[in-house]
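So you can see what is in the structure, the chains are spelled out below.
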Amino acid sequence: MQERFGWINDAHLAHTARVLGMSQADLDGIATFFNLLFRKPVGKNVVMLCDSVSCYIMGAEQTRERLCKKLGVKMGETTPDGEFTVLPIVCLGHCDHAPAMLIGRDLFGPVRPEDIDGIIDEIRARKK
Ligand code: FES
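Report follows, based on the coordinates. Note that the structure is a prediction, hence the values are computed from the model and not measured.

### A look at the pairing of strand E1 (residues 45-50)
Alright, step 1. Burial analysis of E1 places six of its six residues in the buried class, the great majority of the element.
Alright, step 2. Along E1, one buried face is formed by Asn45, Val47 and Leu49 and the opposite face, lined by Val46, Met48 and Cys50, is buried too.
Alright, step 3. Pairing analysis gives six bridges linking E1 to strand E2 (residues 84-89), with the strands arranged parallel. Note on E2: the bridge partner recorded for Val47 is Val86.
Alright, step 4. Of the strand pairs in this sheet, E1 and strand E3 (residues 101-103) are connected by three bridges, and their pairing is antiparallel. From the neighbouring strand, Leu49 faces E3, where its bridge partner is Met101.

### A few points about the sheet that holds E2
Alright, step 1. Strand order in the open sheet formed by four strands is E2-E1-E3-E4, and the pairing between neighbours is mixed. Each edge of the open sheet is held by one strand with a lone partner, namely E2 and strand E4 (106-108). Across the sheet, the axes of successive neighbouring strands diverge by a mean angle of 20°, strand direction being ignored.
Alright, step 2. Here helix H5 (residues 60-71) sits on the sheet and contacts E1, E2 and E3; the angle it forms with E1, its principal contact strand, is near 155°.

### Some details on the layout of surface pockets
Alright, step 1. As a volume, the largest pocket reaches approximately 550 Å³.
Alright, step 2. In terms of lining residues, the largest pocket is bounded by 19 residues, among which Gln2, Glu3, Phe38, Gly104 and Arg105 are the most central.
Alright, step 3. Those elements giving two or more residues to the lining of the largest pocket turn out to be helix H1 (2-5), E1, E3 and helix H6 (116-126).
Alright, step 4. It is E1 that provides the largest number of residues to the lining of the largest pocket, a total of three residues.
Alright, step 5. Classifying every residue of the lining of the largest pocket gives eight nonpolar, five polar and six charged.
Alright, step 6. Looking at which domains feed residues into the lining of the largest pocket, each of domain 1 (2-33) and domain 2 (45-126) gives three or more.

### Some details on unusual backbone geometry
Alright, step 1. Backbone torsion omega between Ala98 and Pro99 reads -5°, so that peptide bond is classified as cis.
Alright, step 2. Looking at the element boundaries, Pro99 is found in the loop between E2 and E3.
Alright, step 3. A cis geometry characterises the amide bond from Gly109 onward to Pro110, with omega recorded as -5°.
Alright, step 4. Along the chain, the position of Pro110 falls in the loop between E4 and H6.

Reading guide: rules and limits
Residues numbered from 1 in each chain as written. Predicted model: local features only at pLDDT ≥ 70, side-chain atom pairs only at ≥ 80, totals over all residues. Heavy atoms only, no water. Buried < 20%, exposed > 50% of the residue type's maximum accessible area, 1.4 Å probe, protein only. Helix = DSSP H or I, 4+ residues; strand = E, 2+ residues; numbered from the N terminus. Pairing = 2+ DSSP bridges. Axes fitted to C-alpha atoms, helices over the stretch in contact; angles between N-to-C directions. Contact = heavy atoms within 4.5 Å. 1 Å grid on protein atoms, 1.4 Å probe; cavity = no way out; pocket = protein on both sides within 12 Å on 5 of 7 lines; lining within 4 Å. Points joined across faces, edges and corners; volume = space filled by probe spheres on them. Nonpolar A, V, L, I, M, F, W, Y, C, P; charged D, E, K, R; others polar. Domains from an automatic or database assignment.

Here is the structure:
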C-alpha cells in the first residue's frame, strides 16, 4: 500500500487486514511499530536523518540545521510543494559513516552540512 500510495491510511489498512485475514487493530499495531511505515501523509521523498549517538557526536545537529534551512521546514514537516518530508530516525546501521541520512532507498554518509545542497539538488533533478 505504501509503495503505491506513499502512506497507509485507514482505508488501506482495513483493506489489507481483510485480505490478510487479520484484525485492523493487529495490523495497525504492526504499521505503527515500524518507523519506515507512514500512517500520515508524507512528501514524495522522505528524508530520514539519524539522531542516534554516533551521528550526534559526528555533527548530525549541524547537518539537520542545514537540511531544514535548505528545505525551509522543521523536522517532521513537509515542503509546500510536497516533495520532501524530513523526519528523525534512530540508528540506520551506518554509524561508520556518521552522520547518516536515508532518502527513499538511498543511504548517505557521512553527510556534512556542506553536502546537503548537492544531495537535495540531485534528488530534485532526478524528478525532472
Ligand atoms: S548512530 Fe547514526 S547510523 Fe548509527
